[in-house]
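Each chain, letter by letter, is given below.
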Amino acid sequence: FFLCCKNKMSSKMKAVVYEKACNALDLRILPWRKPSPKKGEVLVEVRAFGLNFAEISARKGEYKDAPPFPFVPGYECSGTISEVGEDVEGFTVGDRVVCFCDFGAYAEFVCVRKEGCIRIPDSVSYETAASFPVQYCTALHCLFETGSVRSSTRVLIHACAGGVGNAALQLCNTRKCETIGTCGSQAKVDLIKEKGVTHAINYRESNYEEEVRKLYPDGVDVILNSLGGDTIKKDLALLRAGGRVVCFGGASFNEPEKGKIMGRLFAIPKVVSMLTLSTLSLLFESKSVCGVNMKIIGDQRPDLLSSELQDVLNMIVDGTVTPYVTETIPWTEIGDAQHRMENRKTTGKIVLIIPENEPEEEPQPIDEEAKV
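Residues numbered from 1 in each chain as written. Predicted model: local features only at pLDDT ≥ 70, side-chain atom pairs only at ≥ 80, totals over all residues. Heavy atoms only, no water.

So, on to the overall build of the chain. Per the secondary structure count, the chain includes 12 helices and 15 strands. Taken across its 372 residues, the chain has 54% of its residues classed as buried. Across the chain, contacts joining residues at least 24 apart in sequence account for 72% of those joining residues at least 6 apart. Here the chain displays about 16,700 Å² of accessible surface, and carbon together with sulfur accounts for 51% of that area. (Helix = DSSP H or I, 4+ residues; strand = E, 2+ residues; numbered from the N terminus. Buried < 20%, exposed > 50% of the residue type's maximum accessible area, 1.4 Å probe, protein only. Contact = heavy atoms within 4.5 Å. Areas by Shrake-Rupley, 256 points an atom, 1.4 Å probe, with all protein chains shown as cover.)

As structure tokens, this is what we get:
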């Protein structure tokens, strides 16, 4: 995919390194090997990177696509090209770029395949650029490539106040869709109403299935499901003929308040529910369940992902969509940021900034006795 993790290395840099499965507050910035670009790659000096839930799962050792420990996480970043590898055209040293990476972005430098980079104009800040690749490309792919969303489509968006949810809502509004957003607090209900949702549902105060049926007795067309578990079957029951449940996450399995052992026990019925989906019922009812993994899209269809990156950037430049960045913080605060996201204490997008001239003092290593 876009990051080459097995580059020849030269000199040193600093990076947030997952040495082993650990708690968010144990994260530290450590010395790490600086990569060198291989054929078809560019070396990017990172100025900002975005925070995503997949990186939290990877820190806990629960993300199957993650490389083995130790590794540098991070799916997206912005910065400037520091070096151009062999067989790379269209980029020069000093170009401002945004990148979709396969891990590695939590660092001062990252190697990215040329298809994973697009240039950004001076009108787009590094902070804005780093905020959109994962969430907006995921939302765009789910809606338009997989969901076939068009004007007047009825779209149910779970976790509508979150990063992908907010992106999906904005993209739906560009097609004049009818949108239903679910979220878990009145403050988030107010937020998505402000962002233009057609109907908002607080799932902590009412049953979202009942509320959707009241609004659309004959069903909806597309459901963006970032929850997984038993919600997939519930969502299938809310579709009308030709409808799709588009799955791109498993947030319902993240229940840190229950602890590791109890969390796994509570996950069992959710897993069983997913394993017992009936393909025959999908056939007879003309419904479908689709999965989206943007890493696989990048691995197997890099040109498509590059095109989607450019499509989103164009919409940002012309003002059609505006990334909802709620926090822009120093990368030294990565542990606290992950802790809050993991415990559902955040809304919108968190972007972390790497200062252009970092101090030279030696960073402190992770305590080997840190609790896992």
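Below, the discussion takes up the packing of helix H3 (residues 133-146) against helix H4 (residues 163-174). In a packed pair of helices, the relevant descriptors are the angle between the two axes and the axis-to-axis distance. Two numbers describe how H3 lies on H4: the axes approach to 8 Å, and their chain directions differ by 50°. Taken together, H3 and H4 sit at an angle that is classed as oblique. Considering the relative orientation of H3 and H4, their crossing is right-handed. Residues Gln135, Tyr136, Thr138, Ala139, Leu140, Leu143 and Phe144 of H3 pack against Gly163, Val164, Asn166, Ala167, Ala168, Gln170, Leu171, Cys172 and Thr174 of H4. (Axes fitted to C-alpha atoms, helices over the stretch in contact; angles between N-to-C directions. Parallel < 35°, antiparallel > 145°, perpendicular 65-115°, else oblique. Left-handed = near helix turned anticlockwise from the far one by under 90°.)

Bringing unusual backbone geometry into the picture now. In this model, Phe69 is joined to Pro70 through a cis peptide bond whose omega is -5°. On the secondary structure map, Pro70 appears in the loop between helix H1 (53-59) and strand E4 (76-84). Residues other than glycine seldom take positive phi values, yet Phe103 does so here, at roughly 70°. On the basis of relative accessibility, which here comes to 1%, the residue Phe103 falls in the buried class.

It is worth spelling out the sheet that holds strand E8 (residues 154-157) at this point. With parallel pairing, the six strands of this open sheet are ordered in space as E10-E9-E8-E11-E12-E13. If you trace the sheet from one side to the other, it starts and ends with strand E10 (199-202) and strand E13 (288-291), each paired once. Each strand of the sheet is rotated relative to its neighbour by a mean of 15°, with strand direction disregarded. With respect to the sheet, H3 is in contact with E8, strand E11 (220-225), strand E12 (239-247) and E13, its orientation differing from that of E12 by roughly 150°. (Pairing = 2+ DSSP bridges.)

Counting through the fold element by element, Glu108 comes out in the loop between strand E5 (96-100) and strand E6 (109-113). No salt bridge is formed by the buried Glu108; its nearest oppositely charged neighbour, Lys14, is found at 4.4 Å. Side-chain polar atoms of Glu108 contact the backbone nitrogen of Lys14, separated by 2.7 Å. (Lys, Arg positive; Asp, Glu negative; His and termini not counted. Salt bridge = Lys/Arg side-chain N within 4 Å of Asp/Glu carboxyl O. Polar contact = N/O pair within 3.5 Å; in protein donor to acceptor, adjacent residues only side chain to side chain.)

Moving on, we get to the packing of H3 against helix H11 (residues 302-317). One can describe the packing of H3 onto H11 by two numbers: an axis separation of 10 Å at closest approach and a directional angle of 105°. Here H11 runs roughly perpendicular to H3, going by the angle between their axes. On H11, the residues touching Pro133, Tyr136, Cys137, Leu140, His141 and Glu145 of H3 are Leu304, Leu305, Glu308, Leu309, Asp311, Val312 and Met315. Grouping the amino acids of the contact of H3 with H11 by side-chain chemistry returns nine nonpolar, one polar and three charged. (Nonpolar A, V, L, I, M, F, W, Y, C, P; charged D, E, K, R; others polar.)

Tracing the backbone shows Leu191 in helix H5 (residues 186-194). Linking Leu191 and Ala161, residues 30 residues apart in sequence, is a C-alpha distance of 7.0 Å.

Our focus in this paragraph is the confidence of the model for the chain. In low-pLDDT segments, the atomic positions of the prediction should not be examined closely. Of all residues in the chain, 86% attain a pLDDT of 70 or more, and the chain-wide mean is 89. The low-confidence segment residues 363-372, where pLDDT is below 50, has 25 contacts with residues more than four positions distant or belonging to other chains. (pLDDT = per-residue confidence, 0-100.)

Here we come to the side chain of Glu41. Its place among the elements puts Glu41 in strand E3 (residues 41-50). The side chain of Glu41 sits in the buried core without any salt bridge; Lys38 is the nearest counter-charge, 5.7 Å away. In terms of polar contacts, Glu41 uses its side chain to reach the backbone amide nitrogen of Lys38, at 2.7 Å.

Moving on to the packing of aromatic side chains. Here the distance between the centres and the angle between the planes together describe a pair of aromatic rings. For the coordinates displayed, the defined rule picks out eight aromatic pairs. Seen in terms of ring centroids, Phe71 and Phe103 are 5.6 Å apart; in terms of plane orientation they differ by 85°. Their pairing is edge-to-face. With Phe71 in the loop between H1 and E4 and Phe103 in the loop between E5 and E6, the pair connects residues that are 32 residues apart, well separated along the chain. Relative to Phe103, the ring of Tyr75 has its centre 4.9 Å away and its plane inclined at 35°; by these criteria the two rings are tilted. Separated by 28 residues along the polypeptide, Tyr75 in the loop between H1 and E4 and Phe103 in the loop between E5 and E6 bring together distant segments of the chain. Like Phe103, Tyr75 is buried. The ring of Trp32 has Arg33 lying over it, and the distance from NZ or CZ to the ring centre is 4.3 Å. The ring of Phe144 has Arg175 lying over it, and the distance from NZ or CZ to the ring centre is 3.9 Å. (Phe/Tyr/Trp six-rings, centres within 6.5 Å; stacked < 30°, edge-to-face > 60°. Lys NZ or Arg CZ within 6 Å of the ring centre and 35° of its normal.)

Most of strand E9 (residues 178-183) is tucked away: five of the six residues are buried. Relative to E9, E8 runs parallel, the two sharing four bridges. Counted as the bridge partner of Ile157 is Gly181 from E9. On the question of chirality, the crossover connecting E8 to the parallel E9 by way of H4 is right-handed. Note: E9 against E10, four bridges, orientation parallel. Each residue of the ladder has a partner; that of Cys183, found in E10, is Asn202. Each parallel crossover has a hand, and for E9 linked through H5 to E10 it is right-handed. (Right-handed = clockwise from strand over helix to strand, strands pointing away.)

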